Amino acid sequence: MNDPQRTPFDRELAETLARDRAVVVPGFAERVVSAVRADRRRRLVVRWSSAAAAAAACLVAALTLSAPSEETLNRQVWELVARDESAQIADLLGAADDLRLLSPVADQPGVVDVLAPAGS
Amino acid sequence: MSQEEPTLPDDEDDKRLMALVASGDDDALRLLVHRHHARLVGYLRGEVGSQATAEELAMEVFIRLHRAAGRWRPEAKLTTFLIHIAHNLVLNEWRRRGRKPTTALEFAAEPGDHSQQSARRVAELDEAFRRAVAQLPDEQRTAILLVVQQELPYEDIAVIMGAPVSSVKTWIHRARARLRELMKDFHPDA
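Remember, it's a predicted structure, so these values are computed and weren't measured experimentally.

Novice: Explanation requested: the overall build of chain A in the structure shown.
Specialist: Scanning chain A from terminus to terminus reveals 5 helices and 0 strands. Counting helices and strands in the order they occur from the N terminus, chain A gives α-α-α-α-α. Counting over 120 residues, chain A shows a buried share of 18%. Carbon and sulfur atoms provide 63% of the accessible area of chain A, an area that totals close to 9,400 Å².

Novice: Sorry if this is basic, but what is going on with the confidence of the model for chain B here?
Specialist: Detailed conclusions should not be drawn from predicted coordinates in areas where pLDDT is low. Residues and elements named next belong to chain B. Predicted confidence across chain B gives a mean pLDDT of 83, with 82% of residues reaching 70 or more. In this model, residues 107–111 is a region of pLDDT below 50 whose contacts with residues beyond four sequence positions or in other chains number 12 contacts. As a predicted assembly, this complex carries a pTM of 0.67 together with an ipTM value of 0.74.

Novice: Help me understand the side chain of A:R21, please; the structure alone is not making it clear to me.
Specialist: Mapped onto the elements, A:R21 comes out in the loop between α1 (8–18) and α2 (28–65). A polar side-chain atom of A:R21 sits 2.8 Å from a polar atom in the side chain of B:E151.

Novice: What exactly am I supposed to notice about the packing of helix α6 (residues 138–149) of chain B against helix α8 (residues 165–182) of chain B here?
Specialist: Helix packing geometry: the angle between the two helix axes and the distance between the axes. All names here are of chain B. At their nearest, the axes of α6 and α8 sit 8 Å apart, and the two run at 95° to each other. Classed by the angle they form, the pair α6 and α8 counts as roughly perpendicular. Here E139, Q140, A143, I144, V147 and V148 of α6 lie close against α8, whose contacting residues are V168, W171, I172, R174, A175, R176, R178 and L179. Considering only residue class, the contact of α6 with α8 consists of 9 nonpolar, 1 polar and 4 charged.

Novice: How do you make sense of the nonpolar core when you look at a structure like this?
Specialist: Nonpolar side chains tend to gather and get buried jointly when the protein is soluble and globular. Formed by 65 residues in total, the largest nonpolar core has its most connected members in A:F28, B:L40, B:L44, B:F62, B:I144, B:L146 and B:L179. Ranked by residue count, the leading element in this core is helix α2 (residues 26–48) of chain B, at 9 residues. If sequence neighbours within four positions are ignored, B:F62 has contacts with A:F28, A:V32, A:V36, B:V33, B:H36, B:H37, B:L40 and B:L82.

Novice: Just to check I follow, could you spell out the packing of aromatic side chains for this structure?
Specialist: Here a ring pair, both rings aromatic, is described through the centre-centre distance and the interplanar angle of the planes. Within this structure, the stated rule accounts for 3 aromatic pairs over all chains. Both rings, one in A:F28 and one in B:F62, keep their centres 6.3 Å apart while their planes meet at 65°; by these two values the pair is edge-to-face. Remark: B:F62 occurs in helix α3 (residues 51–68) and A:F28 occurs in helix α2; the pair is interchain, linking two chains. Using a relative accessible area of 0% as the deciding quantity, one classes A:F28 as buried. Aromatic side chains B:W72 and B:F81 sit 6.5 Å apart centroid to centroid with 40° between the ring planes, which places their arrangement in the tilted category. B:W72 sits in the buried class, given a relative accessible area of 11%. Overall, the relative accessible area of 24% leaves B:F81 in the partly exposed class.

Novice: Got a minute to help me understand the interface of chain A and chain B in this structure?
Specialist: Put simply, an interface is often sized by how much accessible area is lost when its parts join up. On the chain B side, the residues contacting the 30 residues of chain A number 50 residues. Between chain A and chain B the total buried area reaches about 3,800 Å² when both faces are included, carbon and sulfur atoms providing 62% of it. By the criterion of area lost to chain B, the three top residues of chain A are A:F9, A:R21 and A:V23, representing 20% of everything that side buries. Linking chain A with chain B are 11 salt bridges. Put simply, A:R37 and B:D26 hold a salt bridge, and the shortest N to O gap is 2.8 Å. The interface formed by chain A and chain B contains 17 residue pairs in polar contact (both at pLDDT 80 or more). Where the side of chain A that touches chain B is concerned, the elements lending two or more residues are α1 and α2 of chain A. The residue makeup of the side of chain A that touches chain B, split by class, is 16 nonpolar, 2 polar and 12 charged.

Rules and cut-offs
Residues numbered from 1 in each chain as written. Chains lettered and ligands numbered in written order. Predicted model: local features only at pLDDT ≥ 70, side-chain atom pairs only at ≥ 80, totals over all residues. Heavy atoms only, no water. Helix = DSSP H or I, 4+ residues; strand = E, 2+ residues; numbered from the N terminus. Buried < 20%, exposed > 50% of the residue type's maximum accessible area, 1.4 Å probe, protein only. Areas by Shrake-Rupley, 256 points an atom, 1.4 Å probe, with all protein chains shown as cover. pLDDT = per-residue confidence, 0-100. Contact = heavy atoms within 4.5 Å. Polar contact = N/O pair within 3.5 Å; in protein donor to acceptor, adjacent residues only side chain to side chain. Axes fitted to C-alpha atoms, helices over the stretch in contact; angles between N-to-C directions. Parallel < 35°, antiparallel > 145°, perpendicular 65-115°, else oblique. Nonpolar A, V, L, I, M, F, W, Y, C, P; charged D, E, K, R; others polar. Core = buried A, V, L, I, M, F, W, Y, C linked by side-chain atoms within 4.5 Å. Phe/Tyr/Trp six-rings, centres within 6.5 Å; stacked < 30°, edge-to-face > 60°. Buried area = accessible area lost by both parts, 1.4 Å probe. Salt bridge = Lys/Arg side-chain N within 4 Å of Asp/Glu carboxyl O.

Okay, structure coming up:
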């Protein structure tokens, strides 16, 4: 920076800017250390929060995945059908079929209609 | 505010201190900050034109340095690494503001700032130079601050700015020409 060929302008520029080259701020190192410690604590909290969230997600996933599959449900249904309790339902359905016999048959054709020759 | 410059940092000491910082040694961090903060704040003040903002950004630089301490590889000087982080923060600051500072109003002389500031011409010239530097385009201002104020070699400036050395030289050449034009009232020879 001590180039003898520099003009007075260059020297003036260098001298002016050099006056601000280093600006010592009293107590700055202490402020930085405090800020870094706070940053360290904050990142620790964030890390633990993330770990807790991940653990919760794993728990939910485990519970969801341990629920019975469709195949298992089908098997359980067939097992229920085979049991006595399910037979009672079948009986009820059978009774319903019997009751159907008692319902009026409104739409069936009358005997006269069947026997009468068409067009007479 | 003192203008006393701490002793020049030694690269080997910086490497040793960075290793300690990576292991969580706050005393090492304190020493590292003590060694480097003055030039960092000086550079940042030249860039943003505000002492308070310069200190905030310098604080952020050291926080980021601390986070990256474990991954830092001593391929470049720590000074270069610090100013590289600082330069990126300056770019973010300008984006956040939506514009860059065009004046250096906050450079108004502070009481006791310079022991010889009673010399009116020196104060006026200082102010004029700072205003002129503040008016330069971003790359030109950064390049001229790094080469003239921080006395960094072109190669280091190229690393900091992420540009070829030829671009750095061009920016510096144009910055000087622009400053001569802006300062012609003060420097008839310029």
